[in-house]
Amino acid sequence: MSQPIIRILEPDGTLAEGAELPDISPKQQVRLFRTMLLNRRVDQQMIRLQRQGRIGFYIGSIGEEASIVGSAAALADSDWIVPCYRELGAALYRGFPLFDLFCQLFGNARDPIKGRQMPNHYAIPELRFASISSPVGTQIPQAVGMAMAAKIRKVKEVVLAYFGDGATSQGDFHVGANFAGVYRAPVVFLCRNNQWAISVPFSQQTASDGIAVKAEAYGLEGVRVDGNDVFAMLDQTRKAAEKAREGGGATLIEAVTYRLEGHSTSDDPRAYRKEKEVAYWKDKDPLLRLERHLIRAKHWTEQDRQQLDEEIKQQIQTELKRAERVGPPPLESIFEDVFDETPWHLREQWEEMRQLEEVVEEKV
Amino acid sequence: MSQPIIRILEPDGTLAEGAELPDISPKQQVRLFRTMLLNRRVDQQMIRLQRQGRIGFYIGSIGEEASIVGSAAALADSDWIVPCYRELGAALYRGFPLFDLFCQLFGNARDPIKGRQMPNHYAIPELRFASISSPVGTQIPQAVGMAMAAKIRKVKEVVLAYFGDGATSQGDFHVGANFAGVYRAPVVFLCRNNQWAISVPFSQQTASDGIAVKAEAYGLEGVRVDGNDVFAMLDQTRKAAEKAREGGGATLIEAVTYRLEGHSTSDDPRAYRKEKEVAYWKDKDPLLRLERHLIRAKHWTEQDRQQLDEEIKQQIQTELKRAERVGPPPLESIFEDVFDETPWHLREQWEEMRQLEEVVEEKV
Amino acid sequence: MPVFNIIQAVNDALKLEMRRDERVVVLGEDVGKFGGVFRATQGLQEEFGAERVFDTPLAEQGIIGAAIGMALNGLRPVPEIQFADFIYPAFDQIVNEAAKMRYRSGGRVTCPMVIRTPFGGGIRGGHYHSQSPEAYFVHTPGLKVVAPSNPYDAKGLLISAIRDDNPVIFMEPKRIYRAAKGEVPEGEYTVELGKAEVVRAGDDLTLITYGAMVPTALKTAETAAEEDRLSIEVIDLRTLMPYDLPTVLESVRKTGRAVIVHEAPRTCGFGAELAAVINEKAMLHLEAPVYRVTGFDTPFPYTLEEHYLPNPRRIRRAVQESLSF
Amino acid sequence: MPVFNIIQAVNDALKLEMRRDERVVVLGEDVGKFGGVFRATQGLQEEFGAERVFDTPLAEQGIIGAAIGMALNGLRPVPEIQFADFIYPAFDQIVNEAAKMRYRSGGRVTCPMVIRTPFGGGIRGGHYHSQSPEAYFVHTPGLKVVAPSNPYDAKGLLISAIRDDNPVIFMEPKRIYRAAKGEVPEGEYTVELGKAEVVRAGDDLTLITYGAMVPTALKTAETAAEEDRLSIEVIDLRTLMPYDLPTVLESVRKTGRAVIVHEAPRTCGFGAELAAVINEKAMLHLEAPVYRVTGFDTPFPYTLEEHYLPNPRRIRRAVQESLSF
Ligand SMILES: Cc1ncc(C[n+]2csc(CCOP(=O)(O)OP(=O)(O)O)c2C)c(N)n1
Ligand SMILES: Cc1ncc(C[n+]2csc(CCOP(=O)(O)OP(=O)(O)O)c2C)c(N)n1
Ligand SMILES: [Mg+2]
Ligand SMILES: [Mg+2]
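Residues numbered from 1 in each chain as written. Chains lettered and ligands numbered in written order. Predicted model: local features only at pLDDT ≥ 70, side-chain atom pairs only at ≥ 80, totals over all residues. Heavy atoms only, no water.

Brief notes about the overall build of chain C
Point 1. From N to C terminus, chain C includes twelve helices and 14 strands.
Point 2. For chain C, the C-alpha radius of gyration of 19 Å lies close to 20 Å, the compact-globule estimate for 325 residues.
Point 3. Over its C-alpha atoms, taken along the principal directions, chain C stretches across nearly 60 × 45 × 40 Å.
Point 4. Buried positions account for 77% of the 325 residues belonging to chain C.
Point 5. Within chain C, contacts between residues separated by at least 24 positions form 81% of all contacts whose residues are at least 6 apart in sequence.
Point 6. Of the charged side chains in chain C, 36 are positive and 43 negative; the average position of the first set lies 1 Å away from that of the second. (Helix = DSSP H or I, 4+ residues; strand = E, 2+ residues; numbered from the N terminus. Rg over C-alpha atoms; globule rule 2.2 N^0.38 Å. Buried < 20%, exposed > 50% of the residue type's maximum accessible area, 1.4 Å probe, protein only. Contact = heavy atoms within 4.5 Å. Lys, Arg positive; Asp, Glu negative; His and termini not counted. Charge placed at Lys NZ, Arg CZ, Asp CG, Glu CD.)

Written as structure tokens, this is what we have:
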């Protein structure tokens, strides 16, 4: 039967009864909020950009920021983040430069991944943030393997693997969780149960009573957390990460949250879900909840907020301008990085293209 | 935490305390024993044959007969059996002719599957016994699909899917069980937990406390049964099948049993497990247990047993002789059944071979 | 006659076959209430109910595994894989199970099903929304592989595929899902599997292609005719397994020159088989080597996809090479 | 020099590399205490411990998924897939993840790993213990594909593969695992990836093959020499991606005739690519079409496997056709 949902902050920002704040400084609390707001504003702005045809696609996390930023904040910098495609907040928390992000969204010459993948599929190894893939669930056994490697190499790294409720239906979730149990790998599974997999509601995704109950099938601990409560997410992820670090094995955290917008800019959720349901969750907005707490706790004021809004707006504008000016990657880049060295057949194919290049150039 | 193991007969053949026999006539009880003994004798004889080089390979079920025959006996003839590769007992219970079996083992011209697959990979659609595949676990989602089809077609068929403990690690187990939960498919999952997957012990296969506990991850019922107790297997499978038939959905039955011999004739288990462990399980031999009960209940005598041994010996000898006389399938059969009709490229390839045929023939 | 695009043609074929044969069921991610991310199954659940048209959990290996089981127990499932790029979790079920079911059972068990999946690039889909995996399936004995290039064929071929008793991979050219419009007869009709179509007659050279590259090849042939008075024959294969060798050979024997065009990477792509067979069977008619204009042997790029995909310019260059050989 | 068979050579290579580089780990079904169903990993767990040599749960997609993760976090995993026929559950992890990791990350993330797997027929393994899936991987950009035919190459190529910074599919010819014996130097040495070997020189025709078909091709060449005074050159490709085109072209330009031999089904097999490329690049040197002697386009049969597999008789016939063209 289903597990209770762990909560620290109520939607109105007051402490849940019997709950206490995790050990976190006011400064840290504000950092969480700043990251969540930045995440929200970037998402909103990029969705506009896509509508204007300035980027081809965008996938955001509006409504799920607390589950992402709160969990990422629980890690040490030496720990790994293995994202799905909706965890921009985790990257921003680690300091992912907006310029790099925007260049990736444009797929331009300054895109760190050379314009190879769709928007939102960046890779930030320098921040221990893994390469993002589209196929749902593939990162899960990979994250477990990374954790197994940490254990074999006797370094105390923890791996935090993000995925959605739909991903738990994949074979990759199953084998990943099973390997984690067998090898007691230092991994934390963070399932953002945002209730939908594009148009498929959670009730059609599985007959289990939530996600956390699936942990027992692998000899893992499972916990259910209010995913719109950044403190509860921080606290539970910390506990899971420390347990993993100390050799206690993996935990499956179910963050109960909601995807307030469409699946991506390609989606129109009105085709499959009710406004009432969306409105119900809008009231639980994780940013409102945290801000109410900060104001009540006197860590934050209306003024601070206005300042921050302005700051973020400027920052986005500036970086966007810079990024939008950059041209496309060079044609030759098509043939790089297939292997460490470019074999004869790819050199030959590049030659073929080079001969057409000048003609081609104008088409860019 | 692990579930209790359901048992009706104690190893000594007495009733387990508080337990009562399922509704089954003495005649039926004897039929179970006859099938199990036939299964045992065929296995023993075929293993000898393989050692003599008369067949290329064999995989048997010595020690697991009760889990297989008991569960198969719980079905109606209109129900489907979807085997892994170790369920000869289920086929024999349904009347699979030894001659067909032996022809399949020889892969000869009378082999119903035309010598296409390794020994033990028969298909008996006329007995609603599915085609056997080697890849572990693939039959599980297929069995669920068959059950979904029965539901869609509104026929009251139940599907019994067999697999081993190792198979539960596959993605196919996960997706099959999850689909079964979501669609309330009339399927019974029968996992023969025989403690080993070739050389890998169950403790290395998963960190869960047994197999039955995995059911909750899919919203299914899970039960743990003494797999060497044919009555407990019959009883629990009946309950699961009737529940499925009435729309109650799927059940995951864990049959706790043991593989007494090598994985197959290619395997030498002494390389990875202790004689002590094997001896411990030999004492729990499912045939001994049932026979002790039958004798105590006066349904069976020493004499009956001698007669049956003789009968089976004769039957095996006769059918084996007949089967061993049959020659190989015709060369042309290589090109049949790839599609319903043979396309140009296969007709062309057959032509190529036909021209060499006479030369080739002698090599057969 | 109504003018349909390929989505509408596919949708129409599904509707007609579901009306005609109650064994036909449709399953996949988002195919139910939502009608599919490309809307190809729109309206089906309303008409046929959630028992015959339903969403699945997010698991391709489950979709195909379950579909195989349905085929084994009296239905004719038409599972959708949302993008061909996501078919690989089901690869084992497709190549080891569906493809081999008939053979391994001595012809006693069959597996009639049609796996619909959109393939190919040109929609800014990057690595994972652009792939053309047809060669994997053509190389797998026991599968038929179909790839229409226009609404008329899409409807007729899909109806044939659903009525076919073998597992069929039905690859839909998503780049031209809506762009390719044409008159489509109302009601049932079939286009025979295994038959190519000469979509443009010519004498100087044969362009052989399929799917979304057919319009590209035709455009190339037209400009080549205008600009250089070249007479290029264009063959739309339509079915890749079994493919229509007689039509290919007849054309190549006539023109003496062939260029093969496909989006998939070159090495071991379907073009390799065509080139090998043409050389085996028509060598003495060839006045130049058979050239291939294909996607490069790299993963599918995002920003530069239009340079990755074969375009008229690249095809023209290959045509020139062939002619000036 | 010690005489090893291929199993021993593989085992020796794994031992040496594990001693030399502690990042090398071995995982797979039954590879630990048992030492692998073909004994290729025998003794490794004793020497290197269960942390570096371990059994996995029965899940190929887990084995490869986890191995990729290990490669991403500082190790050099050498996972074993017990039979190539069972690699498909891991197909998505291999083709969508391992193969694309470097490219999709702009070269910032690499995935060095070697997937060892026995392939090919001839051991009475039927459908599921006989397959030759190399073409699937050769068609997938980002993977190297290696297939040795003798103990010396097996050891040298495996050491090179383990030191290579790309994902490598290392296909071991199980039919000759024990039958192929030869002198193998003690200690480390490498055989460069991407280089073929002319294992028999000749002037009349070139036989191109790899893996377990190399001895078959050699036998054919020998009898053809004895019986018909034919001088046949035999090329062992050793690496299929990237393959050694210069060596192939040099030979074919010399002999003017080529026959390709492999066990995998013909259509879209690796032989198709070779035939296509030879025709593209050496057409004017060809005195006959490039012929292919391959497995048939059917699933792999059990009883009749010796008729399914290319044998000297079938190869001779193709040689005759080429010579009498
Ligand atoms: C293997 C695979 N199948 C299908 C898709 C198409 N697809 C992209 S996201 C998505 C839904 C994912 O839902 P969930 O796992 O709940 O994550 P969420 O998007 O809700 O965060 C689907 C079906 C895919 N990317 N990969
Ligand atoms: C996909 C796949 N991987 C590996 C194998 C090789 N193999 C055959 S049986 C087996 C062990 C199966 O163990 P289990 O599922 O417990 O069934 P049991 O044999 O014990 O009845 C393995 C690894 C296979 N047949 N298929
Ligand atoms: Mg979701
Ligand atoms: Mg077992």
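The structure having been displayed, the exposition proceeds.
What to know about the site of ligand 1
Point 1. Near ligand 1, the surroundings consist of 21 residues, among which Y85, R86, D165 and W196 of chain A together with E60 of chain C are the closest.
Point 2. Lying at an intersection of chains, ligand 1 is approached by residues of chains A and C.
Point 3. Within the side chain of Y85 of chain A, a nitrogen or oxygen atom sits 2.7 Å from an oxygen atom of ligand 1.
Point 4. The contact in question runs from an oxygen atom of ligand 1 to an N or O atom on the side chain of R86 of chain A, over 2.7 Å.
Point 5. Coverage of ligand 1 by the protein chains reaches 96% of its 580 Å² of free accessible surface.
Point 6. Considered class by class, the residues forming the shell around ligand 1 number nine nonpolar, seven polar and five charged. (Near = heavy atom within 4 Å. Polar contact = N/O pair within 3.5 Å; in protein donor to acceptor, adjacent residues only side chain to side chain. Areas by Shrake-Rupley, 256 points an atom, 1.4 Å probe, with all protein chains shown as cover. Nonpolar A, V, L, I, M, F, W, Y, C, P; charged D, E, K, R; others polar.)

Description of the coordination of the magnesium ion (ligand 4)
All names here are of chain B.
Point 1. Bound to the magnesium ion (ligand 4) are the protein donor atoms D165 (OD), N194 (OD1) and W196 (O), situated 2.0 to 2.1 Å from the metal.
Point 2. Mapping the donors of the magnesium ion (ligand 4) onto the primary sequence gives the spacing D-x28-N-x1-W. Of this pair, D165 sits in the loop between β2 (159–164) and α6 (171–183) while N194 sits in the loop between β3 (187–193) and β4 (196–197), and the two are 29 residues apart along the sequence. Neither D165 nor N194 differs from the other in exposure class; each is buried. (Donors = N, O, S within 2.8 Å, 3.2 Å for Na, K, Ca; no water.)

Re the interface of chain B and chain D
One widely used convention gives an interface's size as the accessible area the parts lose upon coming together.
Point 1. Chain B puts 46 residues into the contact, and the matching count from chain D is 35 residues.
Point 2. Regarding the contact of chain B and chain D, the summed buried area is about 3400 Å², with carbon and sulfur atoms giving 61% of it.
Point 3. Looking at the side of chain B facing chain D, the largest losses of area belong to M118, I334 and L356 of chain B, adding up to 15% of the total buried there.
Point 4. Counting every contact that joins chain B to chain D gives one salt bridge.
Point 5. Of the charged contacts, one joins E352 of chain B and R266 of chain D as a salt bridge, the two residues approaching to 3.0 Å between their closest N and O atoms.
Point 6. Those elements that place two or more of their residues in the side of chain B that touches chain D are α7 (202–205) and α12 (344–363) of chain B.
Point 7. The biggest single contributor to the side of chain B that touches chain D is α12 of chain B, with ten residues.
Point 8. Classifying every residue of the side of chain B that touches chain D gives 24 nonpolar, 17 polar and five charged. (Buried area = accessible area lost by both parts, 1.4 Å probe. Salt bridge = Lys/Arg side-chain N within 4 Å of Asp/Glu carboxyl O.)

Observations regarding the environment of A232 of chain B
All names here are of chain B.
Point 1. Along the chain, the position of A232 falls in helix α8 (residues 230–245).
Point 2. Exposure remark for A232: the relative accessible area of 0% places this residue in the buried category.
Point 3. Taking the C-alpha atoms as reference, A232 lies 9.5 Å from A19; in sequence the two are 213 residues apart.
Point 4. Non-local contacts of A232, meaning those with residues more than four positions away in its chain, are made with I6, R7, I8, V225 and D226.

Re the coordination of the magnesium ion (ligand 3)
Residues and elements named next belong to chain A.
Point 1. The coordination sphere of the magnesium ion (ligand 3), as far as protein atoms go, consists of D165 (OD), N194 (OD1) and W196 (O), spread over 2.0 to 2.1 Å.
Point 2. Between consecutive donor residues of the magnesium ion (ligand 3), the sequence gaps follow D-x28-N-x1-W. Both residues of the pair, N194 and W196, count as buried.

A short note on the pattern of salt bridges
Point 1. Evaluated as defined, the whole model comprises 106 salt bridges over all chains.
Point 2. Across the pair E47 of chain C and R19 of chain C runs a salt bridge whose closest N-O atoms are separated by 2.6 Å. With E47 of chain C in helix α2 (residues 44–48) and R19 of chain C in helix α1 (residues 6–20), this pair connects stretches of sequence that are 28 residues apart.
Point 3. The partner of R104 of chain D in a salt bridge is E97 of chain D, with the nearest N and O atoms 2.9 Å apart.
Point 4. Relative accessible area serves as the criterion here: at 0%, R104 of chain D is assigned to the buried category.
Point 5. A single network of salt bridges, built from pairs that share partners, joins R7, E10, D226 and R289 of chain A.

Description of the sheet that holds strand β14 (residues 291–295) of chain D
Residue and element names in this part refer to chain D.
Point 1. Taken in spatial order, the five strands line up as β9-β11-β10-β13-β14 in an open sheet, and their pairing is mixed. In the strand order of this sheet, the two ends are held by β9 (197–200) and β14, each with one partner. Strand-to-strand twist in this sheet, taken as the mean axis angle between neighbours without regard to direction, amounts to 25 degrees.
Point 2. As paired strands, strand β10 (residues 205–209) and strand β13 (residues 258–265) are joined by three bridges and run parallel to one another. Looking at the pairing, L207 lines up with V259 of β13.
Point 3. This element, helix α10 (residues 270–282), spans β10, β13 and β14 of the sheet and lies at about 155 degrees to β13. (Pairing = 2+ DSSP bridges. Axes fitted to C-alpha atoms, helices over the stretch in contact; angles between N-to-C directions.)

Considerations on the relation of the copies chain C and chain D
Point 1. Under the fitted operation, chain C is carried onto chain D by 0.0 Å of movement along the axis and a turn of 180 degrees, and the coordinates agree to an RMSD of 0.0 Å. Here the copies are linked by what is in effect a two-fold axis.
Point 2. An overlap of 100% is found between the interface residues of chain C and their copies at the interface of chain D, pointing to a shared contact surface. (Least-squares fit on C-alpha atoms with pLDDT ≥ 70 in both.)

A short note on helix α2 (residues 65–72) of chain B
Residue pairs spaced three or four apart in an α-helix point in one direction, given the helix's 3.6 residues per turn.
Point 1. Burial analysis of α2 of chain B places eight of its eight residues in the buried class, the great majority of the element.
Point 2. Inspection of α2 of chain B places E65, A66, S67, I68, V69, G70, S71 and A72 of chain B among the buried residues, and these make up the whole buried set.

Quick notes on the interface of chain C and chain D
Point 1. Each partner contributes to the interface: chain C provides 49 residues, whereas chain D provides 49 residues.
Point 2. For the pair chain C and chain D, the two sides together bury roughly 4400 Å², of which 66% comes from carbon and sulfur.
Point 3. Of all residues in chain C, the largest losses of buried area upon contact with chain D belong to Y136, H139 and C268 of chain C, amounting jointly to 16% of the total for that side.
Point 4. Summed over the shared surface of chain C and chain D, the result is four salt bridges.
Point 5. Among the salt bridges present, the one from E273 of chain C reaches R292 of chain D, with a minimum N-O distance of 2.8 Å.
Point 6. For the pair chain C and chain D, the number of links is 18 residue pairs in polar contact (both at pLDDT 80 or more).
Point 7. At the level of elements, α4 (91–98), α5 (101–104), α6 (134–138), β13 (258–265), α10 (270–282) and β14 (291–295) of chain C are the ones that each hand at least two residues to the side of chain C that touches chain D.
Point 8. When grouped by side-chain class, the residues that make up the side of chain C that touches chain D number 29 nonpolar, ten polar and ten charged.

Some details on the nonpolar core
Point 1. Ranked by internal contacts, the top residues of the largest apolar core, which has 308 residues, are V187 and F189 of chain A together with V187 and F189 of chain B.
Point 2. In contact with F189 of chain A, other than residues within four places in its own chain, are I140, V144, A161, F163, G176, A177, A180, L220, A250, T251, L252 and I253 of chain A.
Point 3. Counting residues in each nonpolar core, the second largest holds 83 residues, with A72, F129, L294 and L308 of chain B among its members. (Core = buried A, V, L, I, M, F, W, Y, C linked by side-chain atoms within 4.5 Å.)

Some remarks on the sheet that holds strand β6 (residues 221–226) of chain B
All names here are of chain B.
Point 1. Reading across from one edge, β1-β2-β3-β7-β6 is the order of the five strands in this open sheet, with parallel pairing throughout. Lying at the two open borders of the sheet, with one neighbouring strand each, are β1 (80–82) and β6. When the angles between neighbouring strand axes are averaged without regard to direction, this sheet yields 20 degrees.
Point 2. Two strands pair when backbone bridges link them, and β2 and β3 are joined in this way by six bridges, in the parallel orientation. If you follow Y162 over to β3, its bridge partner there is L190.
Point 3. In the packing of α2 onto the sheet, the strands contacted are β1, β2, β3 and β7 (251–256), and the crossing angle to β2 comes to about 170 degrees.

Brief notes about the site of ligand 2
Point 1. Around ligand 2 sit 21 residues in total, of which Y85, R86, D165 and W196 of chain B together with E60 of chain D are the nearest.
Point 2. Residues near ligand 2 are shared among chains B and D, making this a multi-chain site.
Point 3. One of the side-chain N or O atoms of D165 of chain B is found 2.8 Å from an oxygen atom in ligand 2.
Point 4. Between ligand 2 and G166 of chain B there is a distance of 2.8 Å, counted from an oxygen atom to a backbone nitrogen or oxygen.
Point 5. Isolated, ligand 2 exposes 580 Å² of accessible area, and the fraction of that covered by the protein chains is 96%.
Point 6. A class-by-class count of the residues in the shell around ligand 2 yields nine nonpolar, seven polar and five charged.

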